[in-house]
Amino acid sequence: MPIRNLTPTTEVPSPSLEEVPLSSFDLFTVGIGPSSSHTVGPMRAAASFAADLAEHGMLDTVASLTVRLYGSLAATGAGHGTMSAVLIGLEGRLPDQVLPAEMETILARIESSGTLKLAGIHELAFREADIALHPLTVLDGHPNGMKFAAIAADGEPVLEATYFSIGGGFIYREGDNRDGSSATADAPIADPLPFRTAAQLLAHCRNEGLSFSGVMLRNELARRTQAEVNSGLLHIRDVMDECKNNSLERTGNLPGTLNVRRRAPDWHRRLREEDPNRDPAFWQEWVNLVALAVNEENASGGRVVTAPTNGAAGIIPAVLFYAVHYAPGMKDADQAKKDDATVRFLLASAAVGVLYKRMASISGAEVGCQGEVGSASSMAAAGLAEILGGTPEQVENAAEIAMEHNLGLTCDPIGGLVQIPCIERNAIAAAKAINAAKMALWGDGTHRVSLDEVIITMAETGKDMSSRYKETSMGGLAVNVVEC
Ligand code: SF4
């Protein structure tokens, strides 16, 4: 049966995203663990608020601050490092500009002095305990809401703003568009091959004779040179590698009350002994290792690439590792060939990430873990299928299979920490992605359920899911497992 050129008829969220170009560099960003929506997004929101005060010359008039966190941010903020992220953001620092060690120094200074430097300049009394938490209140707009207010000495507000952290580190301010762009700003440069559905993406592939990565590249080239795209994506790969390598050097338990033991360093030692020559029989163990290492680093508050979120950050690096080490012809390939495969893998993955961002959500607080781990698994499956030589139809099929078997996945992190089930879940989802790509490559691209149908199903399943399973730690493993 041929693939239907399906146009979704079901209402899907975020229609305002339709016109807005989404780049690979929006989906893959350098951030700080443990959570893109609860750490990276709040840091960006706080930094944006501080920058607005600075840009409008208001800093000197600010005598006090109020910060309120709502819904999921308040419910699991402690385990996700949200309050620390807000403080760092209020100091004017962004997730890609601050190293974890610097964050510790800044937070220790704020705690001991009881003051912070707003936008890095204006000192005023404020510390973590001053952040008000409202876990049972959900603002209109998104479960991850934040309100900031800067107050003058006479009690009058200087500036007030409400922000939402909508997954993957993306934020928007109330009054702006949901993609974060200002409602009044000039329109960004449009994609030459715009798409919001897989059917549209496939149509571009057929009409232009392009792969998924080729369509994504054509759109990237509207805003960047080919050299910039290549170097930017290889930098993303390098940060993923650095994240894994940092993790393998660490010892002891992960932070928090769960006393979760780091497994990646021990597994690495064992693998180097048992598989010194990269025998293909050990591919699964290496993929597991990469996923665990990245997610243990994320859980430690380390530097990670949101791919497309922090909680799911290990899946794409693990499957990319498989692609450049175990795909046919890759074991002895030179670096140029591996780099080329890496760029194509990340572009194809990003093309699928665009679909999830536009048609559904990548926020665990909005649609559960299917939106984070499921989306990452689906993106990785597409990237691998393309490197394995899949046609656009087979790549679409791979992405569809991976999400189909992540539907309904709930978010119930124990203790609000991005550790259990998150870390192992990344390794399992990486294996699913590899299997999905292999299954798709053994077919001819025709299949019964389209990627669009499965994405819409994910969005609707997320909408129906109880809030107890959407990053609130009020259900599932979070309430059935004793924390200590
Ligand atoms: S369960 Fe999934 S969505 Fe929830 S925090 Fe863990 S990785 Fe993120």
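Our structure's up above, just so we're on the same page.
First things first, this report covers the structure right here in the doc. (Residues numbered from 1 in each chain as written. Predicted model: local features only at pLDDT ≥ 70, side-chain atom pairs only at ≥ 80, totals over all residues. Heavy atoms only, no water.)

1. Focus on the site of the ligand
Piece 1. In the neighbourhood of the ligand, the contacting residues comprise G311, C369, E372, C411, C422 and R425.
Piece 2. In this structure, the ligand is accommodated by the largest cavity.
Piece 3. Residue composition of the shell around the ligand, by class: 3 nonpolar, 1 polar and 2 charged. (Near = heavy atom within 4 Å. 1 Å grid on protein atoms, 1.4 Å probe; cavity = no way out; pocket = protein on both sides within 12 Å on 5 of 7 lines; lining within 4 Å. Sits in = over half its atoms within 2 Å of the grid points. Nonpolar A, V, L, I, M, F, W, Y, C, P; charged D, E, K, R; others polar.)

2. Here we look at empty space enclosed by the protein
Piece 1. Applying the stated criterion across every chain, the model contains 2 cavities of 30 Å³ or more.
Piece 2. Taken as a whole, the largest cavity spans an internal volume of roughly 190 Å³.
Piece 3. Along the walls of the largest cavity sit 20 residues, with G311, E372, C411, V418 and C422 positioned nearest its centre.
Piece 4. When the residues that make up the lining of the largest cavity are grouped by side-chain class, the tally is 8 nonpolar, 8 polar and 4 charged. (Points joined across faces, edges and corners; volume = space filled by probe spheres on them.)

3. Description of the pattern of salt bridges
Piece 1. Taken as a whole and judged by the stated rule, the model has 17 salt bridges.
Piece 2. Across the pair E220 and R224 runs a salt bridge whose closest N-O atoms are separated by 3.3 Å.
Piece 3. If you follow the salt bridges from partner to partner, you end up with D52, R173 and D176 in one network. (Salt bridge = Lys/Arg side-chain N within 4 Å of Asp/Glu carboxyl O.)

4. Observations concerning the sheet that holds strand 8 (residues 171-173)
Pairing between sheet strands relies on hydrogen bonds along the backbone, with the strands arranged either parallel or antiparallel.
Piece 1. Taken in spatial order, the 5 strands of this open sheet run 5-2-6-7-8, and their pairing is mixed. Of all the strands in the sheet, just strand 5 (132-134) and strand 8 have a single pairing partner and so form its edges. Pairwise comparison of adjacent strand axes, ignoring direction, gives a mean angle of 20° for this sheet.
Piece 2. Pairing of strand 2 (residues 64-70) with strand 6 (residues 145-151) involves 6 bridges; the strand directions are antiparallel. Residue pairing across strands places L65 opposite A150, the latter belonging to strand 6.
Piece 3. Across the sheet, helix 4 (residues 82-90) is in contact with strand 2, strand 5 and strand 6; its angle to strand 2 comes to roughly 145°. (Pairing = 2+ DSSP bridges. Helix = DSSP H or I, 4+ residues; strand = E, 2+ residues; numbered from the N terminus. Axes fitted to C-alpha atoms, helices over the stretch in contact; angles between N-to-C directions. Contact = heavy atoms within 4.5 Å.)

5. Points about the packing of helix 8 (residues 226-248) against helix 12 (residues 335-359)
Piece 1. The geometry of helix 8 relative to helix 12 is characterised by a closest axis approach of 9 Å and an angle of 95° between their N-to-C directions. Relative to helix 12, the element helix 8 is oriented roughly perpendicular. Only Q335, D339, T342, V343, L346 and L347 of helix 12 make contact with helix 8, whose side of the interface consists of V229, N230, L233, L234, I236, R237 and M240.
Piece 2. Of the residues in the contact of helix 8 with helix 12, the class split is 8 nonpolar, 3 polar and 2 charged. (Parallel < 35°, antiparallel > 145°, perpendicular 65-115°, else oblique.)

6. Quick notes on the side chain of S213
Piece 1. Summarising the element assignment, S213 is placed in helix 7 (residues 212-220).
Piece 2. A polar atom in the side chain of S213 sits 3.1 Å from the side chain of S211.
Piece 3. Residues contacting S213, with those up to four places away along its chain left out, are R344, L347, A348 and E386. (Polar contact = N/O pair within 3.5 Å; in protein donor to acceptor, adjacent residues only side chain to side chain.)

7. Observations concerning the pairing of strand 6
Piece 1. With 6 of 7 residues buried, strand 6 lies mostly within the body of the structure.
Piece 2. Counting the residues between successive antiparallel strands, the hairpin from strand 6 to strand 7 (residues 157-165) contains 5 residues, one of them, G155, with a positive phi of roughly 90°. (Buried < 20%, exposed > 50% of the residue type's maximum accessible area, 1.4 Å probe, protein only.)

8. Considering the packing of helix 2 (residues 36-55) against helix 4
Piece 1. In contact at an axis separation of 7 Å, helix 2 and helix 4 are set at 30° when each is read in the N-to-C sense. Considering the angle they form, helix 2 stands roughly parallel to helix 4. The two elements helix 2 and helix 4 meet at a crossing, and its hand is right-handed. Counting all contacts with helix 2, which are made through H38, T39, P42, M43, A46, A47, F49 and A50, the residues of helix 4 involved are T82, A85, V86, I88, G89 and L90. (Left-handed = near helix turned anticlockwise from the far one by under 90°.)

9. Description of helix 6 (residues 198-208)
Piece 1. What helix 6 keeps buried is the set A198, A199, L201, L202, H204 and C205.
Piece 2. Close packing links the buried residues of helix 6 with helix 7, helix 12, helix 15 (392-404) and helix 17 (451-464).
Piece 3. At the C-terminal side of helix 6, G209 shows a positive phi close to 65°.

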